[in-house]
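# Structural overview
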Amino acid sequence: MTWLNTFLASCAVVALSACGDSGSGGSGVGGDSGGGDTSIGGMGGMGGDAAAAPSAPVLDMLEPVHGALHVYWTNVTADCETVHGERKTATVAYEEVFSEPGNVDNKADQGATDTAETYTYRLRCMKGGVMSDYSNELSGMPE
Amino acid sequence: MSGWGSLAVACGALWLVGCADDADSVPTPEAIDNASIELPRAIDQDPSEGRFELDLTAAPASIGYGESPATSAWAYNGTVPGPLIEVARGDRLLVHFQNDLPDETTIHWHGVRLPAAMDGTVAVQSPTQPGGSFEYEFDLKDAGLFWFHPHVVSDIQVQRGLYGTILVRGDDEPAFDRELVVVLDDIRLNSDGSIDEYPDDEGVTNGREGNTLLFNGQVAPTVRAQPGELLRLRLVNTANGRFFNLKLAGHTLRVVGTDGGLIPEPYDVDTLPIAPGERYDVMVSLSGDVGDTLEMTTEPYDRGHGTDKNPSMPLATLSLEGAQIDGKPLPDSGPATVLLPETGTAIPVLLGEAFIDGEQKFTINGEVSPDVPPVIIPNGEIGIISLENETEQEHPFHLHGFFFQVLARNGVAVPPNDRFNKDTIILPMMSTMTLAARFDEQGMWMYHCHILEHGERGMMGMIHVE
C-alpha cells in the first residue's frame, strides 16, 4: 500500500487544499463516505493554533480479513506522531479502538467481527499534542 | 574460482578486436562494464583447486540507500548485499563465520543440498552467540544460484541486510554475452534513514513490503549493455514479503533455469513473478539502438489481500551503449531433468491462518510452529508432499536441503517435460499442489513459508529423515 498511499496522499493534499476542509469527504472505497462528526470527542483544531493542526488522514478502504475488518488509510501529514482510530455501530457511539505510530497506514480491527453489524470508522492524526480534524468516514461489514 | 567474470570480459575483448571494422567506433568492454552495481566478490583464501575458503563476518554497518540518510544496518563483510561466492560444481566451501552482531544468529544456505548440521537452523545447531564463531563446511553438489541468510529471527535479521549469494558454475553452462547476478530486495526506511521495524498489521498479514526497492543494494541503478547482446540475469528475491514481478520494457524474458539449475525446456514470459527465496536464470536478447534506455520494473501482482494495488515500480534502467553487436542466440533447450518417482510416503501440508489470542498466526495442519508435529521419513525414501493452501493469499513454500519437483497443480498432472528441480515455489491461494522429493540426507530439515513474517509466526514444520 505504500506507493499507493504516496499517490493518494498527493491527491488528497490537492483535494484538501481545494476544499479547505480536512474534515469531510473521502474516497468512499469499501463503504459509505461522508463528513466527519466532530461533535463526539471532537478536539480537531481546538485548544491551539488552528494553523498548527495537522491534516487528517484519509480513510481508503475496509477489507474483510479473517472474519474481521482491516482498515487502510493514507497519512496526509508528514511526521504525524500517532494515528487514532474510532469506530461506531448502530448502537455504540464512536469510541477510540486503536492508535498506531504516525507512519503506519493500516490496522486489523479484531473487535469488528460481527458479520451482521455495520462498522463505521474515522481517524485523526496527532502531532505536537494537537489533533487533526476527523477524516472521512468509511463503513463496512466483516465476512 | 572468481575468474569467470574476468574470462568473459577477456573473451569479449578478443571478439570485439576480431570483428571491429573501425577501432574508433568499437568501445572497449571495460567502457561498458557494470562494476558500480556488481556484487562484491568473495576472495578465495585457499589457493588449492576445488576448495573455496573465506572469512565471513556479520556486524553492524552504515549503509547508504539512494538519497536516504545513512542506515544503521547489519551486513556480511560490511556490504549489503553480502559477498558473492563463485565456485564450480563439486567444490568444497569452507566458511569461517564470525558473529560481531549484538544478537545471536546462524547462516542458512538456501537451496544448497548439504549435511543437516550445516543447514543453519536451530534444529541442527545452537545459534552463534555475539562474539562467537562457527565453521560451515560442505560440498556444492549442484550448479545454480543460491543464497545465504540467518535463520534466527529471520524477518528482522534479513531485513537489516544479512544476505549474500553463491553462484555455482556447472560444466553445461549456456553461452551468453553478458551476465549479471541480481539481488532484488526492498527495505522500509524512515525519513531519518533508520529501518522501520514496527510490525504493522498489513506487514504481518501479507509480509512486510518496504518503501525502497533495491537492485543489488542500490536504488534504481543503471545497467549498461550493448544492443544485440544476449544478457543473462541470475535473479534472487531476498525480500521479506514482496513478490517481484519483473519486466524489461519491450522484451520477452527467456527463463532457462530456476532454483535447481537449468531447466530442460526454456520458456518465454513478458513478466516474471519471483517470490521471496526463489531464483530464476533468465536470458534476454537486447534489441534497440545505441542510446536507448529500457526500464526494468516490477509490475502489479495479485498475491491476495489487496496486493495487486501496488503500481508498476522502477527497479533499474538498462542503458544501451557502445555499438550494435551480433549477440549469441537464445538457448532453446537445457539439460534433461532426472525425474523423481511419483509414489512415496505421503506428507500432507495444509497452510492456514488464524487469530490466536488476538495475534495473527500462520498454521501448518492447524498447528503453530513449534507445535507442528514433525514428519518422519526413512533415509532415501521418496516423499509425496500434498500442499493445500486454504488461505486467501499466496505462500512461497520452501523446503530445506532437498529439491522437489511439481507433479500436479490442483489435481492436474504436470507433464514430465515441465518438471524441474525447485526448493521454493509459489503456492497460489485456495489451491493444491503435489510435490515429490527424495529425502536422502539424514537429519532434521525445515519446510516453511518464505514470507518471513509468516514463518516466524508459525508457518514452519520439520521433516526428520531417519
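Since the structure is predicted, the reported quantities are computational estimates derived from the model, not experimental observations. (Residues numbered from 1 in each chain as written. Chains lettered and ligands numbered in written order. Predicted model: local features only at pLDDT ≥ 70, side-chain atom pairs only at ≥ 80, totals over all residues. Heavy atoms only, no water.)

### Regarding the overall build of chain B
Counted only if it meets this: Helical segments are the DSSP runs of H or I of at least four residues, strand segments are the runs of E of at least two, and each set is numbered from the N terminus. This radius of gyration counts C-alpha atoms alone. The globule rule is 2.2 Å times how many residues there are, raised to the power 0.38. Whether a residue is buried, partly exposed or exposed follows from its accessible area with a 1.4 Å probe, protein chains only, as a fraction of its type maximum: under 20%, in between, or over 50%, in that order. Any pair of residues with heavy atoms lying within 4.5 Å of one another is described as a contacting pair. Only the protein chains shown count as cover for residues, with accessible areas throughout obtained via the Shrake-Rupley method and a probe of 1.4 Å. Asp and Glu are treated as the negative residues and Lys and Arg as the positive ones, with His and the ends of the chain left uncounted. For the purpose of locating charges, the reference atoms are NZ of Lys, CZ of Arg, CG of Asp and CD of Glu.
When its secondary structure is counted, chain B shows four helices and 30 strands. Here the C-alpha atoms of chain B give a radius of gyration of 22 Å, agreeing with the 23 Å that 2.2 N^0.38 yields for 466 residues. Taking the principal axes of the C-alpha coordinates as reference, chain B spans close to 70 × 50 × 50 Å. Expressed as a percentage of the 466 residues in chain B, the buried residues total 58%. Pairs at least 24 residues apart make up 76% of the contacts formed inside chain B by residues separated by at least 6 positions. Carbon and sulfur atoms make up 51% of the accessible area of chain B, which totals about 17,000 Å². Averaging the positions of the 27 positive and the 71 negative side-chain charges in chain B gives two centres separated by 2 Å.

### A look at the interface of chain B and chain A
The figure often quoted for interface size is the accessible area lost as the parts come together. So the rule is basically this: For any pair of parts, buried area is found by adding up, for both, the accessible area (1.4 Å probe) each one loses once the two are put together. Whenever a carboxyl oxygen of Asp or Glu lies within 4 Å of a side-chain nitrogen of Lys or Arg, that contact is scored as a salt bridge.
Listed per partner, the contact involves 18 residues of chain B and 20 residues of chain A. Taken together, both faces of the contact between chain B and chain A bury some 1,700 Å²; the carbon and sulfur share is 55%. Its largest share of buried area at the contact with chain A, chain B owes to Asp 201, Glu 202 and Phe 355 of chain B, together 31% of the area lost on that side. At the junction of chain B with chain A, the criterion picks out one salt bridge. A salt bridge links Asp 201 of chain B to Lys 107 of chain A, with the nearest nitrogen and oxygen atoms 3.5 Å apart. Secondary-structure elements contributing two or more residues to the side of chain B that touches chain A are helix H3 (201-206) and strand S20 (345-356) of chain B.

### Observations regarding the environment of Asp 302 of chain B
Residue and element names in this part refer to chain B. Spelled out, the test is: Contacts described as polar in this section are N or O atom pairs within 3.5 Å, which, within protein, must combine one atom able to donate a hydrogen with one able to accept it, while residues neighboring in sequence count only if both atoms come from side chains.
Locating Asp 302 in the fold gives a position in the loop between strand S18 (293-298) and strand S19 (313-320). Judged by relative accessible area, Asp 302 falls into the partly exposed class, the value being 42%. The spatial distance from the C-alpha of Asp 302 to the C-alpha of Asn 245 is 9.9 Å, given a sequence separation of 57 residues. Discounting chain neighbours no more than four positions away, the residues touching Asp 302 are Thr 307, Asp 308, Glu 394 and Met 429. At a separation of 2.9 Å, a polar atom in the side chain of Asp 302 contacts the main-chain amide nitrogen of Gly 304.

### Observations regarding the nonpolar core
Residues and elements named next belong to chain B. Applicable threshold: In this text, buried Ala, Val, Leu, Ile, Met, Phe, Trp, Tyr and Cys residues form a nonpolar core when linked through side-chain atoms within 4.5 Å.
Of all hydrophobic cores here, the largest spans 62 residues; its most connected members are Leu 93, Trp 109, Ile 166, Phe 397, Leu 399 and Phe 439. Setting aside residues up to four positions removed in sequence, Ile 166 forms contacts with Leu 84, Ile 85, Val 87, Leu 93, Trp 109, Val 112, Gly 144, Leu 145, Phe 146, Trp 147 and Phe 148. Leu 231, Tyr 280, Val 282 and Leu 318 belong to the second-largest nonpolar core, a separate cluster that totals 33 residues.

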